[in-house]
Amino acid sequence: MPEWQGKKVTVAGLGVSGVPAARVLHGLGAHVTVVNDGEDERARAQAAELEAEGITVRLGGRAASDSGCAAGLPEGTELIVTAPGWRPDNPLFAAADAAGVPVWGDVELAWQLRGLAGRKPAPWLAVTGTNGKTTTVRMLASILEAAGLRTAAVGNIGVSLLDAVLGDEEYDVLAVELSSYQLHWAPSVRAHSAAVLNLAPDHLDWHGSMEAYAADKGRVYQGNTVACVYNAADKATEDLVREADVEEGCRAIGFTLGTPGPSQVGIVEDLLVDRAFVENRQKQAQELAQVSDVRPPAPHNIANALAAAALARAFGVEPSAVREGLRNFRPDAHRIEYVEEVAGVSYIDDSKATNTHAAEASLASYDPIVWIAGGLAKGATFDELVAKSAERLRGVVLIGADRDLIREALARHAPQVPVVDLDRTDTGAMAAAVQEAARLARPGDTVLLAPACASMDMFVNYNKRGEAFADAVRAHAAGHA
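What comes next concerns the included structure. (Residues numbered from 1 in each chain as written. Predicted model: local features only at pLDDT ≥ 70, side-chain atom pairs only at ≥ 80, totals over all residues. Heavy atoms only, no water.)

Our focus in this paragraph is the environment of Lys-7. Within the secondary structure, Lys-7 sits in the segment before β1 (8-12). Judged by relative accessible area, which is 17%, Lys-7 ranks as buried. Expressed as a C-alpha distance, the spacing of Lys-7 and Leu-326, which sit 319 residues apart in the sequence, is 45 Å. (Helix = DSSP H or I, 4+ residues; strand = E, 2+ residues; numbered from the N terminus. Buried < 20%, exposed > 50% of the residue type's maximum accessible area, 1.4 Å probe, protein only.)

The next thing to look at is helix α6 (residues 133-146). Between the first and last C-alpha of α6 there are 20 Å, a value that for 14 residues agrees with the 20 Å anticipated at 1.5 Å per step. Most of α6 is tucked away, with eleven of its 14 residues classed as buried. Within the sequence span of α6, burial applies to Lys-133, Thr-134, Thr-135, Thr-136, Val-137, Met-139, Leu-140, Ala-141, Ser-142, Ile-143 and Leu-144. Residues of α6 that are buried in the fold lie against β6 (124-128), β7 (153-155), β8 (174-177), α10 (210-218), α12 (299-314) and α13 (319-328). Of the residues one or two after α6, Gly-148 is the one with positive phi, at around 85 degrees. (Expected span 1.5 Å × (residues − 1). Contact = heavy atoms within 4.5 Å.)

One finds Leu-25, Val-34, Leu-109, Trp-124, Leu-174 and Tyr-221 to be the most contacted residues of the largest nonpolar core, which totals 55 residues. Per-element accounting of this core gives the leading share, five residues, to helix α5 (residues 106-113). Beyond its immediate chain neighbours, meaning those up to four positions away, Val-34 contacts Val-11, Gly-13, Leu-14, Ala-22, Leu-50, Ile-55, Thr-56, Val-57 and Arg-58. (Core = buried A, V, L, I, M, F, W, Y, C linked by side-chain atoms within 4.5 Å.)

A separate point is unusual backbone geometry. In the segment running from Arg-295 into Pro-296, the intervening peptide bond is cis, with an omega of -10 degrees. Relative to the helices and strands, Pro-296 is located in the loop between β14 (286-290) and α12. A cis amide bond, omega -5 degrees, links Asp-367 with the succeeding residue Pro-368. The backbone of Ile-336 shows a phi angle near 45 degrees, a positive value even though the residue is not glycine. Here Ile-336 lies in the loop between α13 and β15 (337-342). With phi around 55 degrees, Ala-343 is a residue other than glycine that occupies positive phi space. On the secondary structure map, Ala-343 appears in the loop between β15 and β16 (345-349).

Read across the open sheet, the six strands follow the order β15-β16-β20-β17-β18-β19; overall the sheet is mixed. Edge positions in the open sheet fall to β15 and β19 (419-421), since each of these has one partner strand only. With direction set aside, neighbouring strand axes in the sheet form an average angle of 15 degrees. Note: β15 against β16, five bridges, orientation antiparallel. Along β16, the bridge assignment pairs Glu-337 with Asp-349. Its contacts with the sheet put helix α17 (residues 429-440) on β16, β17 (369-373), β18 (393-398), β19 and β20 (446-449), and the angle it makes with β18 is roughly 160 degrees. Most of the contacts of helix α18 (residues 462-479) go to β15, to which it runs at about 20 degrees, and overall it touches β15, β16, β17 and β20. (Pairing = 2+ DSSP bridges. Axes fitted to C-alpha atoms, helices over the stretch in contact; angles between N-to-C directions.)

So yeah, pure geometry; function would need other evidence.
This is the structure in C-alpha cells:
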C-alpha cells in the first residue's frame, strides 16, 4: 500500500465516485487535485465544497490550461484515480502513460485501502455481466444475510465501496457489483469468487470493441480463490474462465436453466439444485429452493438466482439460507414489475431493459406480447432481437429518437406484426403508447415496456420512464373502472 502523506494524486471527475475519493485521499494526507471536464452548476457547487476543505479543483478549460500539461495532467502527479465514466482514450490517460503514472478507478482505490481500518478485510464475492448484475448482487446479499453473515450490497449499488472498507461497520463478506468500466481500472482486485452472468455488445463506444469489453469483464475472475461462476448457456463467459489466471484449486462452476451436470447449479423440475458444492457431485444433488421462491420467476431472473446461489455456496452458505434469502428478496422497481391487469391484459414495466440483451430476456418471459419499445439505441442493432421474438409479438408500439431502427428490423423479420409508430419523443408520448398498446392487445396478452434503448431522449432516466408507463396504465385502468 502506498504511503499517502504528501502523495500528489489527481482525481479525474467529480460526481458520486470522484468526490468521496478526493475526500478520502485528502484525509489520508495526500495532495489532491480534482480535474473535471464539465463546468455546470452542480460541478461548480461540488468544487466549492471541496475547495473549502483544502482540495484543489480545476473545471472545464482550467483542467488543461492550469495544469502545466496540455493533456491536463497536473504537474507532479504520482497517481490518477478516475471516475468510471472517463474513457480510456482520454488524453489525460495518454499523458499519464507517457509519464509512467498509474491509473486506478474508485474500485481499485477501495481494494488498496481495505485494510486501513485496522481489521481483517472482508472477502469480496463479485458479479459482473451485461445484464442482471444489480438483481444478482441484491439476491446474493439477501442470501448472505439469511445465513447470519454481516454483509452489504456494494459497488454500483447500495453502500459505496469506500464506505464499506473504511467505515465503522465490520463485514464478514461483501457482495460487489462491478461494471466493465470499473474493472478496466481495477488491476489488483482479487475476489474470493466471482460470476460473469452474460456477455452481449454494450458500451462499445467506451471500450472500442467487443473483444476489449469482454476482456474487461473477464478481469473479475483474475486471482479468484474458490469459484469462477459462469453461464453455461453463454460460451463466452466460460471462455473467460478458461483464460483467467486463478489461484490453485479454484473451480469453474456453471449455472444453467437445464438439468445441471457435475460442478453446476441448475433446475430439476421445479427445484433449484446444486451439483457443485456437494460431497459426491457425480451422483448427488442438493435442493436449494423452489422456482416459486424466485420473484419474478422469469427465466433470466431464475438464472440470476442460480448465479447468486452458486456464489453463496462457494462461500459455504447452507442450502436453507439460499431458500430463505431468495424468499426474502424483493426486486427493484422497473425490473419486470407487474403494474396492473386491465380488461384481461397484464401490463409489465421493464424500463430497466435499456439494451437489446435485456429486452430479449424480458420478451422471452411472456407470450403473446404487445411490445412498447424505443429510445436511444447507443449504436445497437435490432435484427437479432426482433428475429428471436417475432413469434411472440401481437403488436408493437414505437416511441423515441431511434425507433426507426426497430421499425426497420420489424419490417425485415416480422412484417406480419402490426406496428404503431408514434413519431414522438416528448414525455407525454408514454400515455399515448399505452392507449395504442391497449387497442392492439387481447385478453390474455401482456403489454410489455421493454424499450431495448436508453431513456435520455425523453426522460431523465429509466426510472422516470417506468413511472410514466405505470401512471399511464393506472389512468387507463381508471377509465375502465
